[in-house]
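Architecture at a glance
This is what each chain is made of:
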Amino acid sequence: MRRFALFTTLTAALAAVAALPARAEVPKVVVSIKPIHSLVASVMHGVGEPTLLVRGGASPHSYTMKPSDAKALSAADLVVWVGPELESFLEKPLKANAPKATLLTLMDLKGLTLLETREGGAWEAHDHGRKGGHDHKGHDHKGHDHAEEHEELNSHIWLDPANARAIVTALAEALAAKDPAGAETYRTNADRTLQQLDGLDAELKAALAPVKDKPFVVFHDAYQYFEARYDLSAVGSITVSPDRRPSAKRLSAIRAKIGGLGAACVFAEPQFEPALVQTVVEGTKAGTGVLDPEGTELPEGEALYPALLRNLAASLRGCLGA
């Protein structure tokens, strides 16, 4: 009798479970670069893990797709990238390998602050070229020439925590649309991430205030959003594009700028030639440091984004003498 009652109870429980609506499979999400992957991982916390394409110390400026990348794209439900201005290596594979995936192009998001790319090797201090609040509508990647639309815009949008807020909000909605059963979790995670970004922003403002008027030179123009957010004084870059070696004329112009403005520091990047930085500072009083705009030396995951921005602030303070 007891066995029969137990059997009946188990049967009823299994029937109840079977009656529940089946949860859709967790979306397969592919993300281009580590800082954006970190934000996606934070929004997907407790639900699933996004796949990262540009791993380790690789750079999106010179990345070559692997067969495993093409396989991940072909299975993707959602692909998140900045846009062809940054990840040009993805343009053709997206059309060939991910024709059915929803594409979230971050340069097209509403509510972003977008900044114009600066020309030449030397800039005027505090000339950030700010283009406030470009409003972009959602779109399909087929037949749309993003490169032409954004050819004069700097694509390192994640280095402004205010832009990261807009990205996180858009990610939560894109994921909720793909996975309605997980919508509440995505939005709760997004709210938590937004609070963390607000705290990080306040922390960085306080940390960088002592060095905001000290001029410095960067390897390439990757930090403009960070500079504008915290009112920093970058005065030039060694190269326009990190995959293109600067001319002797450009190096000479940067060296003159360092001397004329008394630039305190010239910053290299982990992936590119440190010898160029030594060439530029030769005969000047400028120190040298390293800035990493993509977290190439940080482990991927949720913790990368805040660590990335804190590392930038620490490197600036350390070299500029705060």
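Please read these numbers as outputs of a predicted model, since none were measured by experiment.

Topologically, Cys 265 is positioned in strand E9 (residues 265–268). Aside from chain neighbours lying at most four places away, what touches Cys 265 is Pro 215, Phe 216, Val 217, Ala 286, Gly 287, Thr 288, Gly 289, Cys 319 and Leu 320.

With that out of the way, let us pick up the sheet that holds strand E2 (residues 51–52). With parallel pairing, the 4 strands of this open sheet are ordered in space as E2-E1-E3-E4. The open sheet terminates on both sides in strands that have one partner only, identified here as E2 and strand E4 (102–105). Where strand E1 (residues 29–31) meets strand E3 (residues 78–81), 3 bridges bridge the pair, whose relative direction is parallel. Each residue of the ladder has a partner; that of Val 30, found in E3, is Val 79. Contacts between helix H2 (residues 34–43) and the sheet are confined to E1, E2 and E3, with E1 contributing the most and set at about 150° to the helix.

Let us now look at the pattern of salt bridges. Side-chain pairs of opposite charge can arise whenever the charged atoms involved come near each other. Tallied over the full model, the rule gives 10 salt bridges. Of the charged contacts in the structure, one is a salt bridge between Lys 28 and Glu 25, with a shortest N-O distance of 2.6 Å. You can call Lys 28 partly exposed: its relative accessible area is 37%. Among the ionic pairs, Arg 118 bridges to Asp 221, the shortest N-O distance being 2.7 Å. Placement of Arg 118 in the loop between strand E5 (112–115) and strand E6 (130–134) and of Asp 221 in the loop between strand E7 (215–220) and helix H8 (224–230) is noted, with a sequence separation of 103 residues between them.

What follows covers the nonpolar core. Counting 79 residues, the largest nonpolar core has Ile 36, Val 80, Ile 157, Trp 158 and Phe 226 as its most contacted members. Once you skip the residues sitting within four places of it in the chain, Ile 157 turns out to touch Val 82, Leu 106, Met 107, Leu 112, Leu 114, Asn 163, Ile 167 and Tyr 225. Counting residues in hydrophobic clusters, the runner-up holds 16 residues, among them Ile 238, Ile 258, Leu 276 and Val 277.

Take the packing of helix H9 (residues 248–261) against helix H10 (residues 274–281) next. Across the interface, H9 lies against H10 with an axial gap of 8 Å and an inter-helix angle of 55°. On the basis of their axis angle, the class for H9 and H10 is oblique. Side by side, H9 and H10 meet where Leu 251, Ile 254, Arg 255 and Ile 258 of the first sit next to Leu 276, Thr 279 and Val 280 of the second. Residues belonging to the contact of H9 with H10 are distributed by class as follows: 5 nonpolar, 1 polar and 1 charged.

Turning our attention to the confidence of the model for the chain. For the chain, the mean per-residue pLDDT works out to 84, and 80% of the residues sit at or above 70. Confidence over residues 4–10 falls short of pLDDT 50; this stretch has 0 contacts with residues more than four positions distant or in other chains.

When helix H3 (residues 67–75) is considered as a whole, its buried residues turn out to be Asp 69, Ala 72 and Leu 73. Buried residues along H3 cover an arc of 100° about the axis, so they all sit on one side. Facing away from the buried side of H3 by more than 90 degrees, the exposed set consists of Pro 67 and Lys 71. Tucked inside the fold, the buried residues of H3 contact E1, E2, E3 and helix H4 (91–97).

What counts and what doesn't
Residues numbered from 1 in each chain as written. Predicted model: local features only at pLDDT ≥ 70, side-chain atom pairs only at ≥ 80, totals over all residues. Heavy atoms only, no water. Helix = DSSP H or I, 4+ residues; strand = E, 2+ residues; numbered from the N terminus. Contact = heavy atoms within 4.5 Å. Pairing = 2+ DSSP bridges. Axes fitted to C-alpha atoms, helices over the stretch in contact; angles between N-to-C directions. Salt bridge = Lys/Arg side-chain N within 4 Å of Asp/Glu carboxyl O. Buried < 20%, exposed > 50% of the residue type's maximum accessible area, 1.4 Å probe, protein only. Core = buried A, V, L, I, M, F, W, Y, C linked by side-chain atoms within 4.5 Å. Parallel < 35°, antiparallel > 145°, perpendicular 65-115°, else oblique. Nonpolar A, V, L, I, M, F, W, Y, C, P; charged D, E, K, R; others polar. pLDDT = per-residue confidence, 0-100. Arc of directions from axis to C-beta.

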